[in-house]
Amino acid sequence: MEDDFKEVSENYTIAEAVREAQRCLHCKVPGCKKGCPISNDIPDWIAELAKGNFGNAMKIIHGRSNLPAVCGRVCGHERQCEGNCVLAKKGAHINIGKLERFVADFDSDAGLTHEAIPEKSRGRVAVIGSGPAGLTIAGDLSRQGFAVEIFEMEPEPGGVLMFGIPEYRLPKEVVRREIKKIENLGVNFNLKTTIGKNFTVDELFDRGFDAIFMGTGTGKPKKLDIPGINSKGVRQAIWFLRRVSLFQSGSIRRNEVLVKNGDKVFVIGCGNTAMDAARTALRMGAAEVTIVYHRTIEHMKALRAEYDDAVAEGVKFLWNSSVVEVTPSEETRLKQIAIETEGVRREVPADWLILAVGSAPAARIVSSTSGIEVDGKGYVLTRDTPYGMTTRPGVFAGGDVTNRPATVVHAMQDAKQVAEGIAKYIDAIKLMEIINKK
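Report follows, based on the coordinates.

Thresholds, definitions, all that
- Residues numbered from 1 in each chain as written.
- Predicted model: local features only at pLDDT ≥ 70, side-chain atom pairs only at ≥ 80, totals over all residues.
- Heavy atoms only, no water.
- Helix = DSSP H or I, 4+ residues; strand = E, 2+ residues; numbered from the N terminus.
- Pairing = 2+ DSSP bridges.
- Axes fitted to C-alpha atoms, helices over the stretch in contact; angles between N-to-C directions.
- Phe/Tyr/Trp six-rings, centres within 6.5 Å; stacked < 30°, edge-to-face > 60°.
- Buried < 20%, exposed > 50% of the residue type's maximum accessible area, 1.4 Å probe, protein only.
- Lys NZ or Arg CZ within 6 Å of the ring centre and 35° of its normal.
- Polar contact = N/O pair within 3.5 Å; in protein donor to acceptor, adjacent residues only side chain to side chain.
- Salt bridge = Lys/Arg side-chain N within 4 Å of Asp/Glu carboxyl O.
- Core = buried A, V, L, I, M, F, W, Y, C linked by side-chain atoms within 4.5 Å.
- Contact = heavy atoms within 4.5 Å.

Attention now goes to unusual backbone geometry. A cis amide bond links T385 with the next residue in sequence, P386, at an omega value of -15°. The residue P386 is located in the loop between α14 (364-367) and β15 (395-397) in this model. We note that H26 has phi near 50°; this positive angle belongs to a residue other than glycine. Relative to the helices and strands, H26 is located in the loop between α1 (14-21) and α2 (31-35).

Written out as structure tokens, the structure is:
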């Protein structure tokens, strides 16, 4: 089974990476940079890579990204940098994601990066959650001289990077390596700590933090109005993927993971999480996995590359179809589900139904804190000046909890703007303190 979860995409050799980098045309108006949500200086670091200056390439990447080894693996390159490469029109785009991954991996393996840690004298920031948004905030602000502490409810940091993206797409050691770099910047991690339970936002302020960032993601599953949907044989995709990750780390036993050998699994949804759940179910021994989607392939949210990989591995697809009823068995599994395709209903045997239809923010922090307003769906409301601040002064939010990003890199993009907002806010209150003392 370990071989089933080995990383699917292989890395470049040094010679391959240099040759690929040398294909770059270094456009005067680089579409690749425009297509990158965090405006990575792609032509500049590719030029350094083409000359063999790996350390310089990494330095340029770090100017915009705290998680290059992650972005190089899981970003939607076909819709972003690579899709906007001028060579893409000829079907020969530069493999930017694979090059970024190579630079980041080479840097870590060779131990090239040794960033100077600035004095933490500019202010104190508490970051709730250690997913891509929280890690980006921590890295950016720590580099700017802020003392940053992360509060994470799980026993290990990483959020969705650690527990929501399968090993074959994003090896956990890669995530740990990137987090270690952020820790080396002077960021402190408080694990197994739930804000709203162990501490409230008010208590964090009492402990001397100047600003607090909420990057808690969306942990509350969306509900579907389907008869039988609350059966024990129906589970959320994120829950399933997390259980698999815990099993692989040795934290739980094999029989505590949903899917068993020979099972028949159906997945509702057609985003990247649905693809991850379907492909993971096959790796856990499912005999048959089918994704059920109410629209056509042209409307799916998943990347085409993810779809192609899923098909190659044996995942089946039912388009213009919906699950309209779930029938449980006497045990924890299902007996069957009813599927309707273009008005025609049929019952099919099923062991498990996995839901990959999105989620909403949990209310633990908001309900234990006064002054933080949310919209009708529970998403935290924020302002544009300073960017990311909630209706409670000094409390900022970003990422999925605000209903803005949809991918890892978009969460990072949003977080970089929030980091600027936090820095401006703390600088302003420190200045006011000085003025008021005079």
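Having seen it, we continue.
Looking now at the sheet that holds strand β12 (residues 344-349). Spatially, β10-β11-β12 is the arrangement adopted by the 3 strands of the open sheet, whose pairing is antiparallel. Each edge of the sheet is formed by a strand with only one pairing partner; in this case those strands are β10 (321-328) and β12. On average, each strand axis in the sheet is tilted by 25° relative to the strand beside it, whichever way the strands run. As defined by bridge partners, strand β11 (residues 334-341) adjoins β12 across 6 bridges and the pair is classed as antiparallel. Within β12, the position partnered with Q336 by the bridge is P349.

Take the packing of aromatic side chains next. Tallying each qualifying case throughout the model produces 10 aromatic pairs. Ring geometry for Y307 and W319: centres 6.1 Å apart, planes at 50°, overall tilted. With Y307 in helix α13 (residues 304-313) and W319 in the loop between β9 (316-318) and β10, the pair connects residues that are 12 residues apart, well separated along the chain. Given the relative accessible area of 24%, W319 is considered partly exposed. Between the NZ or CZ atom of R235 and the centre of the ring of W239, over which it lies, the distance is 4.3 Å.

Let us look at the side chain of T390. With respect to the secondary-structure elements, T390 resides in the loop between α14 and β15. In terms of polar contacts, T390 uses its side chain to reach the backbone amide nitrogen of R392, at 3.1 Å.

Under the definition given, this model contains 33 salt bridges. A salt bridge links E7 to R73, with the shortest nitrogen-to-oxygen separation between them at 2.7 Å. Of the two residues, E7 sits in the segment before α1 while R73 sits in helix α5 (residues 68-74), which places them 66 residues apart along the sequence. Look at E7 and you get partly exposed, because its relative accessible area is 25%. You can call R73 buried: its relative accessible area is 14%. One salt-bridge network, in which partners are shared between bridges, spans R169, D276, R279, R283, E306 and E313.

Our next topic: the sheet that holds β9. Sheet strands pair by backbone hydrogen bonding; their relative direction is either parallel or antiparallel. Taken in spatial order, the 5 strands make up an open sheet running β6-β13-β7-β8-β9, and their pairing is parallel. Both outer strands of the open sheet, β6 (234-236) and β9, are each paired with one neighbouring strand and no more. Each neighbouring strand pair of the sheet contributes to a mean axis angle of 25°, computed without reference to strand direction. Summarising the sheet, β6 and strand β13 (residues 352-355) pair through 3 bridges and their orientation is parallel.

Take the nonpolar core next. Ranked by internal contacts, the top residues of the largest apolar core, which has 102 residues, are W45, F240 and I422. Setting aside anything within four residues of it in sequence, one finds W45 in contact with N40, A57, I60, I61, I96, L99, E100 and V103.

No statement about biological role is implied by the geometric values presented.
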